[in-house]
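A structural walkthrough
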Amino acid sequence: MAIKELPKNFDFKDSEKRWYGYWEENGYFKPAQKPGAKNYCIVIPPPNVTGVLHIGHALNNTIQDILIRYHRMLGEAALWQPGTDHAGIATQYVVEKELQKEGTSRRELGREKFLERTWKWKEEKGGMIIEQLKRLGASCDWSRIRFTMDEGLSRAVREVFVKLYEEGLIYRGKYLVNWCPGCGTALSQLEAELGESDEQGQLWYIRYPFVEGKGAVIVATTRPETLLGDTAVAVNPEDDRYKDLIGKMVRLPCTERKIPVIADAYVDKEFGTGALKITPAHDFNDYEIGLKHSLELVQVIDTEGRMTGPVGKYKGMDRFECRSKIVEDLKEQGLLEKITPYPVRPGRCYRCSTIVEPTLSEQWFVKIKPLAEPALEAVKSGRTRIIPESESKKYSNWMENIRDWCISRQLWWGHRIPAWHCRDCKKITVSRADPDKCRNCGSKNIEQDPDVLDTWFSSALWPFSTLGWPDATPELKQFYPNAVLVTGFDILFFWVARMMMMGIHFKKDAPFYDIYLHGLVRDERGEKFSKTKGNVIDPLKIIDEFGADALRLALVLLAFTGRDLKLSMKRIEDTKHFINKIWNASKFALSQLVDFDPGSSRPGEQSLADKWILSRLQAATRETIRLIEQYQFSEAAQAVYHFFWDEFCDWYIEWSKPFFYRPEKPGQKIAAQKTIHQVLDSALRLLHPFMPFVTEEIWQAVPGHGDSLMMADFPAPDNELVNPSVEDAVKDLQEAVSAVRNLRSENMVPIAAKVKVLVLADDEDAANFFKDHRLYLESPPSVNIKELEVKAGTEKPGSCVATRVRRAEVCVDLTGIIDFDKEFSRLAKEEEKILKELERVAATLAKPGFADKAPREVFEKHLGIKIDLTEKLAALQSNLKRLQNLRGRIK
Ligand SMILES: [Zn+2]
Ligand SMILES: [Zn+2]
């Protein structure tokens, strides 16, 4: 059989392009429909259509690809459903920026033209991330790609909205929402992000004079301008300082209004003065207190962040300008008690960073409790499993305290709310098809609600809308519920919880059996990647430079459940070495298979090494399967990695070499060929989900292969081949080999020097064992044995150094091996050099002021050098001592 020879190096660029094209052309990414096959479906967390592949995507999609390739190789009908999200605010922002450059704006263009323009942008530039996912090797069924605003998905959105409205689960109401005055839109609680760290703010202590009698109650606030909207001052009922004040009226500074002092247990006695100003229209906690005490809602800041309402001369001022003015006025009136510095962490718009303003406005809401309860139950009952387990507690907590979901956004790009307002009777018509008249009064004078739905509304339907819902498609029947959702835990609430609620409500079953939440990718120090820190690792650059396989394996080796990943370039270089190792080992194996016929039935004569590696292969296979099934990706990758490198390359290939080169033992050669063929073939299958390109490239050169490795069967462990006694015997041989290697290096035997080795076995049995397998002691690299003597006994010459292993003592004879004079002078020179360097670095460190004035990194670097040198010196001196002892014994 002709065998393809592998080129010297793995050309990953060429290989990635060639194989990805081959897989896609042949339809391998589509689920195979074999009779009786299990169904396995993953829906991709849809990347934003504006998105560019970042390292977090790379991890997320590598994990999904591992799962889908693994299940495909198990023969299941495996669908990885891809698509992108229209990303309302993000996309609108991108197009608005373009318009700005052109000197025009969204409003100037008008809604219709703007949407046309945005669609055009989407067709031309959106979805770049899809091409980038392909470069990573993602085996999604691209023929099924969906977009949250395509026709089918928009129909699903409309159906859900109308149904929920009909069920009374969607309502319209005045509500306090997080408002971004910069973007002019309501934000969800999660989009109004709290900053990463505190900002320096201030606490203003303001006197609110009593209406009757002298004196005042002093309140502390970080936002003095909001006092214009105060409708009460609250104190804790347990607070002795204020007991007598409850029920009294105070005068609201800078206004004509009078407000009451009320008691509420929510008030923290320790904060400020223990008296809290209550602004129900501009603070979430105050809003709750206001509801409890039926306080009036006085709105004083409008949607553009300007002062409005009963604010007198402050009307029209920007909220921050008003803050300065109010403070000035309070000072003048003697109502400002004091100002103290105070750390604050205001909510900021996730898109434009403007400080968010809680504002009352007319919005659409989903009544969430009736949806949250079954979604909570699905996780509590174990119907849906969250991995890691700790995250399911967070999920439950959040679900138990969930607020109604504000779903309207004041944007143009998105699913427009299917509700029409009647200008005549003021009633609302909500409809699946666009109505031409008011359902209540029949008037044609109707207008569609201008708002669009929160982007997460459509992505909440993703697990079933992508499969064709609301139609009863075969895909929906086959692939719902999805097998698993793979996502970062940062969107557990944003997205996962909402998919759970919508899936259960509309499909009567939770959307996933498992939810696997992976960590964040951080830099090697554990810090978040950020452009300002300059520590960003661009996955596309890594793919260009090292190949997709190297990136994938580096990420997955770090993917321990429940932990963030610390990625460094070193990690990627390490996996690149592993790929070279696979390549070179495979080249060797294939070169031994030139005259091999995989169909031949000639039995051959199996060596201990053959039996051993086949036994180890079963263990590696079993472990890999178990670990993938348990979502322990790092451990699974390590299991294959160690099998391939430590066992197959480092031991088996070295041991098998003599069998290939001994024509007098043809049976041994045949068995070795069979073994190396089987192990290489299986190892490539085990490795394939982790590193699809290099494995396919090699596998195509292995004799007897099929069309594609990605369609080949995943190995199943064969218990017949498990052989504990062989594994045990091999352990004895490995120990002996390691003993020779260690004795050589500990005693500074030059690498090229051949040594005499004596194995003193504990008894005749052991002696016979080592004699029978002397080849296993002599053939591995870096033992370099010139003469091997094996006998039972304990007598050894004084010129030997020795180590105990199981069943024997391994001795290396050093007679004539070491040129002591030369060694001594080499070590002495080395010692002198280190001492000099040490002196230099110590002098730098001791310079006056160095420890305090030098930049931290410079100081730490010098300290590091000093520690390294000190360690080196200690090692060298111990070697010198050892050498002196040896000379005493051997001469
Ligand atoms: Zn904004
Ligand atoms: Zn009407």
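Residues numbered from 1 in each chain as written. Chains lettered and ligands numbered in written order. Predicted model: local features only at pLDDT ≥ 70, side-chain atom pairs only at ≥ 80, totals over all residues. Heavy atoms only, no water.

1. As for the coordination of the zinc ion (ligand 1)
Note the following rule: Donor atoms (N, O, S) are those found within 2.8 Å of the metal centre, with the cutoff raised to 3.2 Å for Na, K and Ca; water is not part of the atom list, so apparent gaps in a site can occur. Key to geometry: four donors with every angle between 85 and 135 degrees are tetrahedral; four donors are square planar and six octahedral where opposite donors lie over 155 degrees apart and all remaining angles lie between 65 and 115; all other sites are irregular. Secondary structure elements are defined from DSSP: runs of H or I of at least 4 residues count as helices, runs of E of at least 2 residues count as strands, and each element is numbered from the N terminus. In this scheme, a residue with accessible area under 20% of its type's maximum is buried, one over 50% is exposed, and one in between is partly exposed, where area comes from a 1.4 Å probe on protein chains only.
With distances of 2.2 to 2.4 Å, the protein atoms coordinating the zinc ion (ligand 1) are Cys180 (SG), Cys183 (SG), Cys349 (SG) and Cys352 (SG). Viewed at the metal, the 4 donor atoms of the zinc ion (ligand 1) are separated by angles of 100 to 118 degrees, and the geometry they form is tetrahedral. One chain supplies every donor to the zinc ion (ligand 1), and in sequence these donors are spaced C-x2-C-x165-C-x2-C. With a gap of 172 residues between them, cysteine 180 in strand β5 (residues 170–180) and cysteine 352 in the loop between β15 (347–349) and β16 (357–366) connect regions that are remote in the sequence. Taking relative accessible area as the criterion, cysteine 180 reaches 0% and is therefore assigned buried. Overall, cysteine 352 belongs to the partly exposed group, its relative accessible area being 26%.

2. A look at the coordination of the zinc ion (ligand 2)
Distances from the zinc ion (ligand 2) to its protein donors, Cys422 (SG), Cys425 (SG), Cys438 (SG) and Cys441 (SG), fall at 2.2 to 2.3 Å. Taken together, the 4 donor atoms coordinating the zinc ion (ligand 2) span angles of 104 to 115 degrees at the metal, a pattern that classifies the geometry as tetrahedral. Motif for the zinc ion (ligand 2), donor spacing along one chain: C-x2-C-x12-C-x2-C. Since its relative accessible area comes to 3%, cysteine 422 is described here as buried.

3. What to know about the sheet that holds strand β25 (residues 512–518)
We apply this condition: Two strands qualify as a pair provided that DSSP identifies no fewer than 2 bridges between them. Axes here mean lines fitted to C-alpha atoms, for a helix over just the part in contact, with angles spanning 0 to 180 degrees between N-to-C directions.
In spatial order, the strands read β17-β25-β24; together these 3 strands make up an open sheet with parallel pairing. The sheet is open, and its two borders are formed by β17 (385–387) and β24 (482–488), each paired with just one other strand. Strand-to-strand twist in this sheet, taken as the mean axis angle between neighbours without regard to direction, amounts to 15 degrees. Judged from the 6 bridges that link them, β24 and β25 form a sheet pairing that is parallel. Looking at the pairing, leucine 485 lines up with isoleucine 515 of β25.

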